[in-house]
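What the coordinates show
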Amino acid sequence: MAGPAIPERLVWTIDQLDVRPTDRLLEIGCGRGIAVSLICDRLTTGSITAIDRSPVAIKAAQARNRDHIAAGRAAFHALALADTNFAKSGFDKIFAVNVNVFWTDGTRALAAVRNMLAPPGVLHLVYQPPTARQLTTLTGKLAPALARSGFSVDEPLVVEGGTPLLCISGRIPMTAPDRRQT
Ligand SMILES: C[S@@+](CC[C@H](N)C(=O)[O-])C[C@H]1O[C@@H](n2cnc3c(N)ncnc32)[C@H](O)[C@@H]1O
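Attention in this report is confined to the structure presented alongside it. Being a predicted model, the structure only gives us computed values, none of them experimental.

1. Details of the overall build of the protein chain
- Helix and strand counts for the protein chain stand at seven helices and eight strands.
- A compact globule built from 182 residues would reach a C-alpha radius of gyration of about 16 Å, and the protein chain, at 17 Å, matches this within 12%.
- Overall size of the protein chain, expressed as C-alpha extent along the three principal axes, is 65 × 40 × 30 Å.
- Looking at the protein chain residue by residue over its 182 residues, the buried ones come to 41%.

Structure representation (structure tokens):
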């Protein structure tokens with residue numbers, strides 16, 4: 001018997017991530033770990049770490065991804081973003097789907113993410129709000145917040161429809177070479 005359908009927002013999110021087999025990814029607010037299980041199927045030597053502040057969600061995500069954890073492709077932590085202590089520049093791609101902290105406490109959250117991304121790393125923030133009007137509000141908050149935090153911001157991607165989808169992506173620029181004479 002077929003299992004429950006994969007939510008459209010997660011399939012779309014994974015399309016935006018352009019997962020490479022060697023990527024090191026972090027998902028913030030992974031819920032039950034559905035996106036992680038889809039991403040692991042695309043990894044070879046890469047890996048994904050996922051956090052959620054809800055221990056109940058992490059337990060469900062671990063149960064869903066038992067084989068990927070055993071293979072060393074996935075790791076889960078019951079942690080809020082503000083409590084993480086991952087290595088500087090430890091990830092190539094970071095993403096979050098329907099996680100509010102980026103507009104409720106954007107400055108702190110984006111500084112933490114920037115520290116964890118290795119240049120030219122990318123952060124993808126995906127939202128599926130109930131109305132199209134909220135897309136505009138979210139874009140108006142998130143795009144300037146990303147720019148203020150040192151990200152180069154892509155043109156927002158929108159899929160309109162009954163429940164619209166928004167992806168805002170910010171990239172860490174490669175550091176310009178130091179041309180000063182010594
Ligand atoms: C609306 S759910 C979305 C779950 C999943 N991303 C999805 O789209 O199915 C938001 C999730 O983010 C988690 N969350 C919210 N704020 C968080 C934070 N600051 N750090 C880590 N997880 C957080 C919540 O516990 C919840 O599981």
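2. Digging into unusual backbone geometry
- Each neighbour pair has its own omega, and for Pro-119 with Pro-120 the value is 0 degrees, a cis peptide bond.
- Residue position: Pro-120 is located in strand 5 (residues 117–127).
- Phi at Ser-89 is positive, roughly 55 degrees, even though this residue is not glycine.
- Although it is not a glycine, Asn-98 adopts a positive phi angle of roughly 55 degrees.
- By secondary structure assignment, the location of Asn-98 is in the loop between strand 4 (91–97) and helix 5 (101–104).

3. Topic: the packing of aromatic side chains
- Throughout the structure, instances matching the rule amount to one aromatic pair.
- Here Phe-86 and Phe-91 contribute two aromatic rings whose centre-to-centre distance is 5.7 Å and whose plane-to-plane angle is 90 degrees, an arrangement assigned as edge-to-face.

4. Quick notes on the pairing of strand 2 (residues 47–52)
- Of all six residues making up strand 2, five are buried, and the element is well covered by its neighbours.
- What joins strand 1 (residues 24–28) to strand 2 is helix 2 (residues 34–40), and the crossover it makes is right-handed.
- One ladder, built from five bridges, connects strand 2 with strand 3 (residues 74–78); its direction is parallel. For Ile-48, the partnering residue across the bridge sits in strand 3 and is Ala-74.

5. Brief notes about the site of the ligand
- The full set close to the ligand counts 15 residues, and Arg-9, Gly-29, Asp-52, Leu-81 and Val-97 are the nearest of them.
- A distance of 2.6 Å separates an oxygen atom of the ligand from a polar side-chain atom of Asp-52.
- Protein chains shield 76% of the accessible area of the ligand, which is 590 Å² for the free molecule.

6. A closer look at the layout of surface pockets
- Looking at the largest pocket, its volume works out to about 450 Å³.
- Taken together, 23 residues make up the lining of the largest pocket; nearest its centre are Ile-28, Ala-80, Leu-81, Ala-82 and Val-101.
- Secondary-structure elements contributing two or more residues to the lining of the largest pocket are strand 2, helix 5 and helix 6 (106–116).
- By residue number, the principal contributor to the lining of the largest pocket is helix 6, which donates five residues.
- Among the residues making up the lining of the largest pocket, the classes are represented as 12 nonpolar, seven polar and four charged.

7. A word on the pairing of strand 5
- Among the 11 residues in strand 5, nine count as buried, and that is most of the element.
- Sheet topology places strand 5 next to strand 8 (residues 165–171); six bridges connect them, and they run antiparallel. Each bridged residue has a counterpart across the sheet, and for Tyr-127 the counterpart in strand 8 is Leu-166.

So, how was this worked out
Residues numbered from 1 in each chain as written. Predicted model: local features only at pLDDT ≥ 70, side-chain atom pairs only at ≥ 80, totals over all residues. Heavy atoms only, no water. Helix = DSSP H or I, 4+ residues; strand = E, 2+ residues; numbered from the N terminus. Rg over C-alpha atoms; globule rule 2.2 N^0.38 Å. Buried < 20%, exposed > 50% of the residue type's maximum accessible area, 1.4 Å probe, protein only. Phe/Tyr/Trp six-rings, centres within 6.5 Å; stacked < 30°, edge-to-face > 60°. Right-handed = clockwise from strand over helix to strand, strands pointing away. Pairing = 2+ DSSP bridges. Near = heavy atom within 4 Å. Polar contact = N/O pair within 3.5 Å; in protein donor to acceptor, adjacent residues only side chain to side chain. Areas by Shrake-Rupley, 256 points an atom, 1.4 Å probe, with all protein chains shown as cover. 1 Å grid on protein atoms, 1.4 Å probe; cavity = no way out; pocket = protein on both sides within 12 Å on 5 of 7 lines; lining within 4 Å. Points joined across faces, edges and corners; volume = space filled by probe spheres on them. Nonpolar A, V, L, I, M, F, W, Y, C, P; charged D, E, K, R; others polar.

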